[in-house]
Amino acid sequence: MPDVLLDLDAVTAGYNGVAAVRDLTLSVSAGEVVAMLGPNGAGKTTALLTMVGLLEPMAGSVTALGRPVRSRHTDKLVRAGVLLVPDDRGVFADLTVGEHFRMARAKADKVRLDFVLDRFPALRPLRDRRVGLLSGGEQQMLAIGKALLAEPKLLLIDEMSLGLAPKIVQEMLPGIRRLAKDENVGVVLVEQHVELALSVADRAIVLNHGRMVLEGAARDLLADRTKVQQAYFGAG
Ligand code: ATP
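Residues numbered from 1 in each chain as written. Predicted model: local features only at pLDDT ≥ 70, side-chain atom pairs only at ≥ 80, totals over all residues. Heavy atoms only, no water.

### Looking at the pattern of salt bridges
Here is step 1: Counted by the stated rule, this structure contains 13 salt bridges.
Here is step 2: Two residues, Arg112 and Glu183, come together in a salt bridge whose shortest N-O distance is 3.1 Å. With Arg112 in helix H4 (residues 110-119) and Glu183 in helix H6 (residues 166-183), the pair connects residues that are 71 residues apart, well separated along the chain.
Here is step 3: For Lys167, the salt bridge identified is with Glu171, shortest N-O distance 3.1 Å. One end of the pair is Lys167 and the other is Glu171, both in helix H6 and four residues apart, which spans about a single turn. (Salt bridge = Lys/Arg side-chain N within 4 Å of Asp/Glu carboxyl O. Helix = DSSP H or I, 4+ residues; strand = E, 2+ residues; numbered from the N terminus.)

Right, dumping it as C-alpha cells:
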C-alpha cells in the first residue's frame, strides 16, 4: 500500500460561490512527484490553496497526512510538514538570505541548514546578501531552501519557474525529484514548462477550466504530446 500523504475527494472550490476547480479527485503518495499542469486560469493555484486549507472547498474533502484539512488548521499543517511555496516565492527584498533562514528555522538545527545549503550551494556565499539583490533563480532556491528547513513531508510548489530562464529551471527541477526520492517527500509541482515538469514527475494531471481533463504516468504523457496539447488547449 502506498503511503498516501494527500487525498482530494471530489473537491470543488472557488471564489464568491463561483467554482474555479470542479470535482477534483487526486492523491499523492510519499516519494511521489505529481505535476499539475494546465493553461493560465485553469485552477492550479486554487487547487493548491485548497490543499493547505487556505481555501475551503465548496464541496468534497481534502485529507493531508491522514487528517482532514480545514481552513483554521493551516498553521498546524505547516508544523506537521505540509508546505506551500507560493509563486511569488514569499521572500522579502530587504532581508538577507541568512535572516530568511533564521526566520524559517525555529527548530531546525545546523545539520539541517547544512543539508539545505548542500542542496543549493550557490546560496552559501550569499548569506549576508539582501534578497532584493539576488537573481530570480537564487530567490527561488531560497524559497525552496526555506521550505526544506522545515523537513516537509508534502511540498506544494506553485510555478517555481515564473520569471526564470528555462535553463535555470532545468537545473533546479531534478533537485526536486531527488528530494522526493531521498527523503520520501510527496511533491505537487505546478509548472508552465510542460516537458520539463513531465521529465521529473512520476505522474501528471492536466487541469482545464477547473476540471481534470487528463491524468497519467509522466512517462506516458511525455511520449504522447498530442494528447497533452489537446488537453491543454481543448475546451475542457
Ligand atoms: P495561472 O497559471 O494563471 O496562475 P491557475 O491555473 O493557477 O492560473 P487560478 O489562479 O487557480 O488558476 O485561477 C482559476 C480561476 O479563479 C481564474 O478564473 C481566476 O480568475 C479565478 N480566481 C483566482 N483567484 C481569485 C480570487 N482571489 N478571487 C476571484 N477569482 C479568482
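### Quick word on the layout of surface pockets
A water-sized probe, rolled over the atoms, reveals where empty space remains.
Here is step 1: Considered as a void within the structure, the second largest pocket measures approximately 260 Å³ in volume.
Here is step 2: Secondary structure elements with two or more residues in the lining of the second largest pocket: helix H5 (136-149) and H6.
Here is step 3: Counting residues per element, the lining of the second largest pocket draws most heavily on H6, at seven residues. (1 Å grid on protein atoms, 1.4 Å probe; cavity = no way out; pocket = protein on both sides within 12 Å on 5 of 7 lines; lining within 4 Å. Points joined across faces, edges and corners; volume = space filled by probe spheres on them.)

### Quick notes on the pairing of strand E1 (residues 4-15)
Here is step 1: Relative to strand E2 (residues 18-29), E1 runs antiparallel, the two sharing eight bridges. Bridging from a neighbouring strand, Leu8 pairs with Leu26 of E2.
Here is step 2: What sits between the antiparallel neighbours E1 and E2 is a turn of two residues, in which Asn16 has the positive phi angle 50 degrees.
Here is step 3: Pairing analysis gives five bridges linking E1 to strand E4 (residues 59-64), with the strands arranged antiparallel. Note that in E4 the partner of Leu6 across the bridge is Ala64. (Pairing = 2+ DSSP bridges.)

### Let's talk about the sheet that holds E4
Here is step 1: The four strands are arranged E2-E1-E4-E5 in an open sheet whose pairing can be described as antiparallel. Two strands bound the open sheet, and with one partner strand each, they are E2 and strand E5 (67-68).
Here is step 2: Contacts from helix H1 (residues 44-51) reach E1, E2 and E4, with the element oriented near 120 degrees to E1. (Contact = heavy atoms within 4.5 Å. Axes fitted to C-alpha atoms, helices over the stretch in contact; angles between N-to-C directions.)

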